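Descriptive analysis of the structure
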Amino acid sequence: MQETWRLASPCVHDASEGIAWRRAGDILFGVIDLDEAEFAAMADCPPLQAASEEAYHRIFRLLDAQKLPHLWRIWNYMADINAETYGLERYRQFNIGRQDAFIAHHRSATGNVPAACALGLAGGPLSIAFLAGATPAVPLENPRQVSACEYPAEYGPRTPLFSRAALVHPPGQEILFVSGTASIVGYQTVHPDDVAGQCREAMANIAAVVAEANRAARSRSFALDELVYRVYVRHAADFPVIRDTLVPSVDGADVLYVQADICRADLLLEIEAMASHTLGLD
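Model, not experiment: these values are computed from the prediction.

With respect to the overall build of the chain
Counting secondary structure elements, the chain contains 4 helices and 16 strands. Relative to the 2.2 N^0.38 estimate, which gives 19 Å for 282 residues, the radius of gyration of the chain is 18 Å and therefore close to what a compact globule would have. By its C-alpha atoms, the chain is 50 × 45 × 35 Å across when sized along the principal axes. Residues counted as buried form 52% of the 282 residues belonging to the chain. Nonlocal contacts in the chain, meaning residues at least 24 apart in sequence, comprise 75% of its contacts between residues at least 6 apart. Split by element, the accessible area of the chain, about 12500 Å² in all, is 52% carbon and sulfur. If you average the places of the 22 positive and of the 35 negative side-chain charges in the chain, the two averages end up 4 Å apart.

Here we look at the pairing of strand β10 (residues 165–168)
Residues Ala165 and Leu167 point to one face of β10 and Ala166 and Val168 to the other, with burial holding for every one of them. Sheet topology note: the strand β9 (residues 138–140)/β10 ladder contains 3 bridges and is antiparallel. Opposite proline 139, over in β10, you have alanine 166 as the bridge partner. Pairing geometry for β10 and strand β11 (residues 173–181), over 4 bridges, is antiparallel. Bridged to alanine 165 within β11 is valine 178. In sequence, β10 turns back onto β11 through a hairpin of 4 residues, with glycine 172 there showing a positive phi of about 75°.

Some words on the sheet that holds strand β1 (residues 12–16)
The sheet built from 6 strands is open, its strands ordered β1-β2-β3-β8-β4-β7 with mixed pairing. Edge positions in the sheet fall to β1 and β7 (115–121), since each of these pairs with one other strand and no more. Here the strands of the sheet are splayed against their neighbours by 15° on average, with no regard to which way each runs. As defined by bridge partners, strand β4 (residues 70–79) adjoins β7 across 7 bridges and the pair is classed as parallel. By the bridge assignment, isoleucine 74 is partnered in β7 with alanine 116. Running at roughly 25° to strand β8 (residues 126–133), helix α1 (residues 47–66) makes contact with β1, β2 (19–24), β3 (27–34), β4 and β8 of the sheet. Along the sheet face, helix α2 (residues 90–104) touches β4, β7 and β8 and points at about 150° away from the line of β4.

Some details on unusual backbone geometry
Not every positive phi belongs to a glycine, and tyrosine 86 is a case in point at roughly 55°. Examined against the element boundaries, tyrosine 86 turns out to sit in the loop between β5 (84–85) and β6 (88–89).

Brief notes about the sheet that holds β10
Taking strand neighbours across the sheet as the criterion, the 6 strands line up as β9-β10-β11-β16-β14-β15 in an open arrangement whose pairing is mixed. One side of each edge strand has no neighbouring strand; the edge strands of this open sheet are β9 and β15 (255–259). Averaged over all neighbouring strand pairs, the angle between strand axes comes to 15°, with direction disregarded.

Things to note about the nonpolar core
Tyr56, Ile59, Leu71, Ile128 and Phe130 are the most contacted members of the largest nonpolar core, which totals 59 residues. Of all the elements, α1 adds the most residues to this core, at 9 residues. Membership of the second largest hydrophobic core comes to 28 residues, among which are Val195, Tyr229, Val250 and Leu268.

Comments concerning the packing of aromatic side chains
A full pass over the atoms with the stated rule returns 11 aromatic pairs. When the centroid spacing of 5.8 Å and the interplanar angle of 75° are considered together, the rings of tyrosine 155 and tyrosine 187 count as edge-to-face. Highlighted residues: tyrosine 155 in the loop between β9 and β10 and tyrosine 187 in the loop between β12 (184–185) and β13 (188–189), separated in sequence by 32 residues. For tyrosine 155, a relative accessible area of 19% translates into the label buried. Summarising the aromatic geometry, the rings of phenylalanine 239 and tyrosine 257 are spaced 4.9 Å apart at their centres and angled 75° between planes, so their arrangement reads as edge-to-face. Of this pair, phenylalanine 239 sits in helix α4 (residues 239–250) while tyrosine 257 sits in strand β15, and the two are 18 residues apart along the sequence.

Parameters and conventions
- Residues numbered from 1 in each chain as written.
- Predicted model: local features only at pLDDT ≥ 70, side-chain atom pairs only at ≥ 80, totals over all residues.
- Heavy atoms only, no water.
- Helix = DSSP H or I, 4+ residues; strand = E, 2+ residues; numbered from the N terminus.
- Rg over C-alpha atoms; globule rule 2.2 N^0.38 Å.
- Buried < 20%, exposed > 50% of the residue type's maximum accessible area, 1.4 Å probe, protein only.
- Contact = heavy atoms within 4.5 Å.
- Areas by Shrake-Rupley, 256 points an atom, 1.4 Å probe, with all protein chains shown as cover.
- Lys, Arg positive; Asp, Glu negative; His and termini not counted.
- Charge placed at Lys NZ, Arg CZ, Asp CG, Glu CD.
- Pairing = 2+ DSSP bridges.
- Axes fitted to C-alpha atoms, helices over the stretch in contact; angles between N-to-C directions.
- Core = buried A, V, L, I, M, F, W, Y, C linked by side-chain atoms within 4.5 Å.
- Phe/Tyr/Trp six-rings, centres within 6.5 Å; stacked < 30°, edge-to-face > 60°.

Any functional reading would require information beyond the geometric quantities listed.
As structure tokens, this is what we get:
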């Protein structure tokens, strides 16, 4: 599979501190891969924590150099996301490194944060892709959920840093990015071991955040059946149930299914989505 973003203006491309990036006007897309083994000699913290902090330091330095300071959307991928090493789940190690970098670069860790997801792979490096621009995103929260930035300590020593969704405004456009969304109400997982129930709950959360987006939107209202969805499925055997459960909700929308681990061990799937409108059109 290949995901292609097309822009009308010419692209320039380069590499900076291991980040491969392209820029068109005031929009920047980049990808960085870091091998945790390169950070294994750091005795003061786990390698994944060190790698995630370093990755975000490099991203922020690139944004400063390009004078495009606003992160819009981030995709975080790492191996064995739910495994426990060094006495702590790896996803929680990642969250510590990410938040330390945000704080070091004087970026808010409690609210004005980008849309994001974090998924587990079978193996490979820490891989982070990001989209940034010259104008700030409009972060959105879900009234059915506690902000991820305010999760209690039982979910780790540092909270995840992402908004439930974000509206961004490239010239002439309004794009809605819905972060990775799962079967969480308040801050707790619901419907454990029930993949159909988790699927319905995730879609209820997406519907709620789309309603919040429509209150803030500058364009016409966004609808569930126009979103493009990516569904991360923990167990391949659950795919038929997930597909059949989603059909009534998305009504023919484009859906891509990917096998991946989810940031909580009791979550069986996660759904992200996006849609784009042209400003000035009804």
